[in-house]
Amino acid sequence: MGRSAAFFDLDKTVIAKSSALAFGRPFYRDGLISRRDVVKSAYAQLMFRLGGGGDEQAMARTRDYLATLTKGWRVEQVQQIIAETLNELINPYVYAEAATLISEHRAAGRDVVLVSASGEEMVRPIGALLGITDVIATRMSIVDGRYSGEIEFYAAGPNKVVGVRELADQRGYDLADCYAYSDSASDLPLLESVGRPSAVNPDRALRRAALENAWPILEFRNPIPLGKRLRGGPAVPVAAALGVGVGAAIALSIYARHRRSRAEIEAS
């Protein structure tokens, strides 16, 4: 049996907000983006999410907009802004249920990997906040310490699977025994690439796919800062977080069989 891993999407799965938009205010304050850029970024992400994120043209537009927006930014300045604001902008929004589930996977001996379309400069520090060192994220091309306006790897949609499979080959993961968690239908390729997928706070399209495939559906509702979790213990017991998924899987399996039986009756 190969090694196993748990792959977590980031936005609305581990944290209760968009990691990219979270840093909009400090980027604006430090002159990296204009007020118009803030509005356009928010609108672009909203349209991406409302559309399920699975449309290739939408993903390409988002990728190209990201490349154009960041061209010329100093990498050191971006890293400094993120480091200075991480505790304020991200720490309070980490779902306690996600943190508990991550701890449970670690206790079971699995590697934990964050998989996000956000830039590696954002995702890696957020991972460090959670004790996660392995990330698959968007990588920007850098020339002379500045972003060149080119993207080396865009970790969105099917490209997430490319990153996951590359890591699986390196580590010897048996993907049939691996877990994946996401809130968005744009991550259907990611969820379908592993043997144990779960939908977390799913959008409408992903909820429909989870029902059809009898995947567990988890509801994460309690963003709690790391310090409070450590003082007060897990906000949600591990068994409860996993139990929701097991219970949902049973219920969804029954529902799926019911739908198939009804369809067969109607067809006859």
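Let me sum up the structure you'll find in this document. (Residues numbered from 1 in each chain as written. Predicted model: local features only at pLDDT ≥ 70, side-chain atom pairs only at ≥ 80, totals over all residues. Heavy atoms only, no water.)

## A few points about the pattern of salt bridges
- Per the stated rule, a full pass over the model turns up 12 salt bridges.
- Measuring nitrogen to oxygen at the nearest pair gives 3.1 Å for the salt bridge that ties Lys160 to Asp9. Of this pair, Lys160 sits in helix H8 (residues 158–171) while Asp9 is found in strand S1 (residues 5–9), placing the two residues 151 residues apart along the sequence.
- The class of Asp9 is buried, set by a relative accessible area of 7%.
- Asp187 is paired through a salt bridge with Lys160; the nearest N and O atoms lie 3.0 Å apart. Here Lys160 lies in helix H8 and Asp187 lies in the loop between strand S5 (179–182) and helix H9 (188–192), a separation of 27 residues in the sequence.
- What you see here is one network of salt bridges that share partners, running through Arg3, Asp111, Asp134 and Arg171. (Salt bridge = Lys/Arg side-chain N within 4 Å of Asp/Glu carboxyl O. Helix = DSSP H or I, 4+ residues; strand = E, 2+ residues; numbered from the N terminus. Buried < 20%, exposed > 50% of the residue type's maximum accessible area, 1.4 Å probe, protein only.)

## Focus: helix H6 (residues 96–107)
- Under the 1.5 Å per step criterion, the end-to-end length of H6 is 16 Å for 12 residues, consistent within 8% with the ideal 16 Å.
- For H6, every residue scored as buried is listed here: Ala96, Glu97, Ala98, Ala99, Thr100, Leu101, Ile102 and His105.
- One or two steps after H6, the chain reaches Gly109, where phi turns positive at roughly 90 degrees. (Expected span 1.5 Å × (residues − 1).)

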